[in-house]
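Topology and contacts: notes
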Amino acid sequence: MQPTILPRTSAGHIPGEAGVWVLILGDIFAFSAFFAVFLLHRAQDVALFSASQAALDRRFGLLNTALLLTSSLFVACAVIAARAGAPRRSAQLLILALSCGCGFIVSKAFEWGAKIAAGITLNTNEFYSFYYMFTGIHLLHVLVGMGVLIYLLTRSRRGDPGASYVAAMEGGGAFWHMVDLIWVVLFALFYLLR
Amino acid sequence: MNYRAQLACAWIGLASTVLLFVAMWPLMHFLPPLDPALPTATVAAIYRTNGTGIIVGGLFLLAATSALMPFFSAVAMQLTRMERPSKLWTYTFLTSAVLGFVPLLIAEMLFSTAAYRPERPDEIIQVLNDFGFIMFVGPALPGTVQILASAIPVLADRNTDPIFPRWVGYANIWAAILVTPGCMVTLFKRGPFAWNGAISFWVAAIAFGIWVSINFWATRRAVLREMRSA
């Protein structure tokens, strides 16, 4: 019997544009290198890293994870709405996603503030150098990502969002998901790793 | 148009990046950079034993950074073609290039000053060494601005046949992000964010190398295409 060859239903679709994936994958690659550096340093002094990790407040980590995952969901829904030709709905969803992003920044400020008030700063030990620097670099990505979301919001509100609107939504959305993904790994490494 | 001169300037950029490496590695022995946590006496001993290497390597460093300027101008020529008639990002690109590379010349002179009178007390040699490396790695932010200024026009290019492929714009944003952590070196004496660190030095140096290579390729390609259509 001849195997049935199914015709390809789709020619393959790259969300956004091909180029934006150079940035997204490049950034993921760079963060992977950062995490490898962290794990190498951790392996040299597991006791210190574990003891310092125990002093982190996991509730903040969990809250931040929930905020970013929720915002990612809103962004994904906004992209679906944009594809369906409902930019007004996209705009509403983007505002919700941006609110979650603001919540993330506020929660980060409280978390860092509590640590600094407790006398734990950048050079307290190696673990905290990593903690402040990596979460700081990630926070910078959150700010850049929120800038992208604000751009998408203004475009969604325009009467005519333009021909490249859906691609821009997909590309910007993919960047936001990457920021989320990196946080999930940071959360696992800094708060949960045993 | 002076296409051949532009091509030559593009090649000079690639050559000076190699020259930068030759200066740092076999001559100055600064690859990897000296550990900021080294004892004062050890730092002084390094300048006393490899004084000539550091001074000659410094001259190579001077030559390499100077020769990067024609390369930046060749890239800037393409940036203006993208953003015509405005020159906003071209100006930002060129002025930040100067702001970012002047500290490298000063760093070179600080290293040479340390090696110039090896009979000086250890502490003074260490101060010059600290100042040199902080000058060398620390002023990363003009570099971030410069590289970002090479990304924005690529993504905003409205030519029907874009001058640089769009992915180059995204790759440039990526490089701009990765050269940034160098600005934190004064906060650390050890670890990945110190001036010899995996992230502030190596990641930044590799990202800069990749940025030069990609933009060399894109500039050369754009000049050749312009030449053919002229």
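In case you missed it, the structure is sitting above this.
The numbers attached to residues start from 1 for each chain and follow its sequence in the written order. Note on labels: chains are lettered from A, ligands numbered from 1, in written order. Only residues with pLDDT of 70 or above have their local features reported here, since the model is predicted, and side-chain atom pairs are shown and tallied only from 80 upward, although totals for entire chains, interfaces and linings are computed over all residues. Derived side-chain values reflect all non-hydrogen atoms in the structure, with water molecules and hydrogen atoms excluded from consideration.

Only runs of H or I of at least four residues qualify as helices and only runs of E of at least two qualify as strands under DSSP, and these elements are numbered from the N terminus. Along chain B, the regular secondary structure elements total nine helices and zero strands. Every radius of gyration here is taken over C-alpha atoms, with the globule rule written as 2.2 Å times N^0.38, N being the number of residues. For 230 residues, the compact-globule estimate of 2.2 N^0.38 gives 17 Å, and chain B sits close to it at 19 Å. Projected onto its principal axes, the C-alpha positions of chain B cover 65 × 30 × 25 Å. Counting the 230 residues in chain B, one finds 52% classified as buried. Sequence separation of 24 or more characterises 77% of the internal contacts of chain B that already satisfy a separation of 6 or more. Computed by Shrake-Rupley with a 1.4 Å probe, the accessible areas treat only the displayed protein chains as cover when residues are assessed. With an accessible surface of roughly 10100 Å², chain B has 70% of that area assigned to carbon and sulfur atoms. His is not counted here, nor are the chain ends, while Lys and Arg score as positive and Asp and Glu score as negative. Note on charges: their place is set at NZ of Lys, CZ of Arg, CG of Asp or CD of Glu. Separation between the mean location of the 15 positive side-chain charges and that of the 10 negative ones in chain B comes to 12 Å. Buried means the residue's accessible area, taken with a 1.4 Å probe over protein chains only, is under 20% of the maximum for its type, while exposed means over 50%, and partly exposed covers the values in between. Between two residues, a contact is recorded if the distance between any of their heavy atoms is within 4.5 Å.

Further remarks concern the interface of chain B and chain A. Facing the 18 residues of chain B at the interface are 19 residues of chain A. For the pair chain B and chain A, the summed buried area comes to about 1600 Å², and 83% of that belongs to carbon and sulfur atoms. Ionic pairing is found between Glu 17 of chain A and Arg 166 of chain B, a salt bridge with its closest N-O pair at 2.6 Å. Here a polar contact means two N or O atoms within 3.5 Å. Within protein one must be a hydrogen donor candidate and the other an acceptor candidate, and residues neighboring in sequence count only if both atoms are side-chain atoms. Where chain B touches chain A, the interface holds four residue pairs in polar contact (both at pLDDT 80 or more). Contributions of two or more residues to the side of chain B that touches chain A are made by α8 (166-179) and α9 (198-229) of chain B. Among the elements that take part in the side of chain B that touches chain A, α8 of chain B stands out by supplying eight residues, more than any other. Of the residues belonging to the side of chain B that touches chain A, the class tally is 16 nonpolar, one polar and one charged. Defined in terms of a 1.4 Å probe, buried area is the accessible area two parts forfeit on being brought together, summed over both. The salt bridge definition used is simple: a Lys or Arg side-chain nitrogen within 4 Å of an Asp or Glu carboxyl oxygen. The classification used treats Ala, Val, Leu, Ile, Met, Phe, Trp, Tyr, Cys and Pro as nonpolar, Asp, Glu, Lys and Arg as charged, and all other residues, Gly among them, as polar.

Take the side chain of Asn 129 of chain B next. All names here are of chain B. The topology assignment puts Asn 129 in helix α5 (residues 122-137). Given a relative accessible area of 2%, Asn 129 falls into the buried group. Leave out the neighbours within four places in its chain, and Asn 129 touches Leu 34, Val 43, Tyr 47, Phe 111 and Trp 195.

For the rest of this paragraph, the subject is the packing of helix α1 (residues 20-44) of chain A against helix α2 (residues 46-54) of chain A. All names here are of chain A. Simply put, an axis is a line fit to the C-alpha atoms, just over the touching stretch for a helix, and the angle between two N-to-C directions goes from 0 to 180 degrees. Following both chains from N to C, one finds α1 and α2 inclined at 110 degrees, their axes separated by 5 Å at the closest point. Taken together, the axis directions place α1 and α2 in an arrangement best described as roughly perpendicular. Contacts between α1 and α2 involve Phe 38, His 41, Arg 42, Ala 43 and Gln 44 from the former and Val 46, Phe 49 and Ser 50 from the latter. Tallied by class, residues from the contact of α1 with α2 come to four nonpolar, three polar and one charged. By the definition adopted for this analysis, an angle is roughly parallel if under 35 degrees, roughly antiparallel if over 145, roughly perpendicular if from 65 to 115, and oblique otherwise.

Before going further, it helps to examine the packing of aromatic side chains. Residues and elements named next belong to chain A. Note on aromatic pairs: the rings of Phe, Tyr and Trp (six-membered ring only in Trp) are paired at centre separations within 6.5 Å, and the planes decide the class, stacked below 30 degrees, edge-to-face beyond 60, tilted for the rest. Taken as a whole and judged by the stated rule, the model has 41 aromatic pairs over all chains. On the basis of an interplanar angle of 55 degrees and a centroid distance of 6.3 Å, the ring pair of Trp 183 and Tyr 191 is categorised as tilted. On the basis of relative accessibility, which here comes to 0%, the residue Trp 183 falls in the buried class. With a relative accessible area of 1%, Tyr 191 lands in the buried category.

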